[in-house]
Amino acid sequence: MLTVKKHIGECLYEKYTGLVSTPTMSASDFEGFLEYPPDEALGDLAFPCFKLSRELKMAPPAIAAKLCDNLGDDIIDRAVTAGGYINFYISPDYLAGKLLPEIVEKREKYGSFDFGKGKTVVLDYSSPNVAKPFHIGHLGTTVIGHALKMLHSFAGYHCVGINHLGDWGTQFGKMIVAYRKWGSREAVEKGGVDELVSLYVKFHEEAEKDPSLEDEARAEFTKLEHRDEEDLKLWKWFIDLSLVEYEKTYKQLGITFDSYCGESFYTDKMPAVVEELREKHLLEIDDGASIVNLEKYNMPPCLILKKDGSTLYPARDIAAAIYRKKTYNFDKCIYVTSAGQSLHFAQIFKVVELMGYDWAKQLIHVPYGTVSLNGSKLATRTGNVILLRDLFSEAIDKVKEIMDEKHTSLENRDEVAEAVGVGAIVYYYLSNNRIKDINFVLEDALNFDGNTGPYAQYTYARTCSIISKAGGVPEITPTGADITDPSEAALLKTLSLFPEKVLEAIDELEPLVIARYIYEICTSFNRFYHECQIVTASSQRTRDFRVLLTDCTRTVLGSAFDLICMKKTEKI
Ligand code: ARG
């Protein structure tokens, strides 16, 4: 897909190749040098010529003059020099006559690419630890992971979304001990995952007083690993109960997975992996435990087996990586977790590399920062956690209050409140740099003005209501002459940026790029809405053009929402 930036980059490159005998730069270098000027008066895109002065042995203004000579076509309206810069102005004919019809024709495919065709990306995300609370710390992996999946699908990749459930490990020993000591079938059946969590919390409280409980739990987990039937039954029951609960949250977000193969799935694949590590002389015994020494790489050892022979989290991840490569033959395997696990992934990627697998370089860890709520840090082992489910319902209730205050009466009130409430949280979360720590302030997330989800959804609903007021979308062949107000041109330029934003988000593995772009579209559209009469425009032609522009905004905004799992609401 051709973007304006790419086109200008290519034009400049062509000029440049006429000036040098052996080019040292590529067309994409030129594209990369282009900047968006902070001030519209300086053009739509600017090229700083300083980057070339050394190679061309010329002063930047002279280079600007040379490159600028005769630049202009159906996309570039004008290119003018300004000192060492060339400022480009995009042609209104291109914006109205080419871009708009392209959006109309491609609809929700506008902005997509096919460079991922034939390639597979495996994404490992959400992956809560069963029987522990699904708390707001998991919001990041869930929504970032899903957004990265949507972005890669939009670029043509075949994507496999895996929920690598934390369904194995000592915590199940703890759960089983706690259940037998303090739980009952009736209470768990009634209380579901909440009851499991309280048992888990109780275990930790009691273990503080009586540390021998920890040994009991370890022994129980070893029994589980040896496939003790009673323990397996309980374990399976805990998992099923938890999944029912998670599904509710995923449904609210509109997220589905292609696989739920969690850690337990790899138990029977472990012996072969341990054997392979041994054969490749990577395994060492350290104080009874089996490890891979990573001292040479300045990392602590990667733990494979405990003293008692039970497997550990890193070992299961190594088995999972090998299994996934065999099963999906991925081109990339992306893991989304908190930055707290960066060392874990660096270690397992290193071990896979040391095992001689050259695809180790296709394993990518995407870390994100911590989440706190109004300043309070979240902890898992105590009862002091904010469940994602509770956060969502609180947001939904608040949206309902706001709707009541505004006297909004909608047939599908509950559905809309859920979309707006959950969307507000998703948007608030994703409009931060993923690696930065976030303090969640619900009131800010739910503000209907400013850079928020409700503002974006409100804008989307506004585009829908304009189209319905207009009685549908007219069929016209727009041209540059239809642009009569600067806000129309500005909106078109914003819409033209969508493909670039998609590329940038994929390159940086950063959904924030899309969230920020949603805000750009909304401000640009609302400026147009306030400055121009749309349905009440003075001439039929202007009305038709503006309705079409509104419809295209709706399309692009809707696609951008889909990319970051925000639901679209036609009315708020
Ligand atoms: N269950 C883990 C947690 O909640 C995250 C798992 C991430 N994926 C993986 N393949 N290790 O911390």
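Here the structure is a predicted model, which is why all the values come from computation and not from measurement.

Chemist: For this particular structure, what's the right way to read the overall build of the protein?
Modeler: Within the protein one finds 21 helices and 13 strands. With the C-alpha coordinates of the protein rotated into their principal frame, the extents come out at 80 × 65 × 40 Å. The contacts in the protein between residues at least 6 apart in sequence include a share of 73% that link residues at least 24 apart. Summed over its atoms, the accessible surface of the protein is roughly 25000 Å², and 50% of this surface lies on carbon and sulfur atoms. Averaging the coordinates of the 65 positive side-chain charges in the protein and doing the same for the 84 negative ones gives two points 1 Å apart.

Chemist: Would you explain the pattern of salt bridges in this entry?
Modeler: Close approach of charged atoms lets side chains of opposite charge pair. Within this structure, the stated rule accounts for 38 salt bridges. A salt bridge links Lys 6 to Glu 10; the shortest N-O distance between them is 3.9 Å. With Lys 6 and Glu 10 both in helix α1 (residues 4–17), this residue pair falls 4 residues apart, about one helical turn.

Chemist: What exactly am I supposed to notice about the site of the ligand here?
Modeler: Inspection of the region around the ligand gives Asp 124, Ser 127, Asn 129, His 138, His 164, Tyr 313, Asp 317, Tyr 335, Thr 337, Gln 341 and Phe 345 as its neighbouring residues. Contacts to the ligand include His 138, whose side-chain N or O atom sits 3.3 Å from an oxygen atom. Asp 317 places a side-chain nitrogen or oxygen 2.7 Å from a nitrogen atom of the ligand. Taking 350 Å² as the accessible area of the ligand by itself, protein coverage stands at 89%. In this structure, the ligand is accommodated by the largest pocket. At the level of secondary structure, the elements contributing two or more residues to the shell around the ligand comprise α12 (313–328) and β9 (332–338).

Calculation rules
Residues numbered from 1 in each chain as written. Predicted model: local features only at pLDDT ≥ 70, side-chain atom pairs only at ≥ 80, totals over all residues. Heavy atoms only, no water. Helix = DSSP H or I, 4+ residues; strand = E, 2+ residues; numbered from the N terminus. Contact = heavy atoms within 4.5 Å. Areas by Shrake-Rupley, 256 points an atom, 1.4 Å probe, with all protein chains shown as cover. Lys, Arg positive; Asp, Glu negative; His and termini not counted. Charge placed at Lys NZ, Arg CZ, Asp CG, Glu CD. Salt bridge = Lys/Arg side-chain N within 4 Å of Asp/Glu carboxyl O. Near = heavy atom within 4 Å. Polar contact = N/O pair within 3.5 Å; in protein donor to acceptor, adjacent residues only side chain to side chain. 1 Å grid on protein atoms, 1.4 Å probe; cavity = no way out; pocket = protein on both sides within 12 Å on 5 of 7 lines; lining within 4 Å. Sits in = over half its atoms within 2 Å of the grid points.

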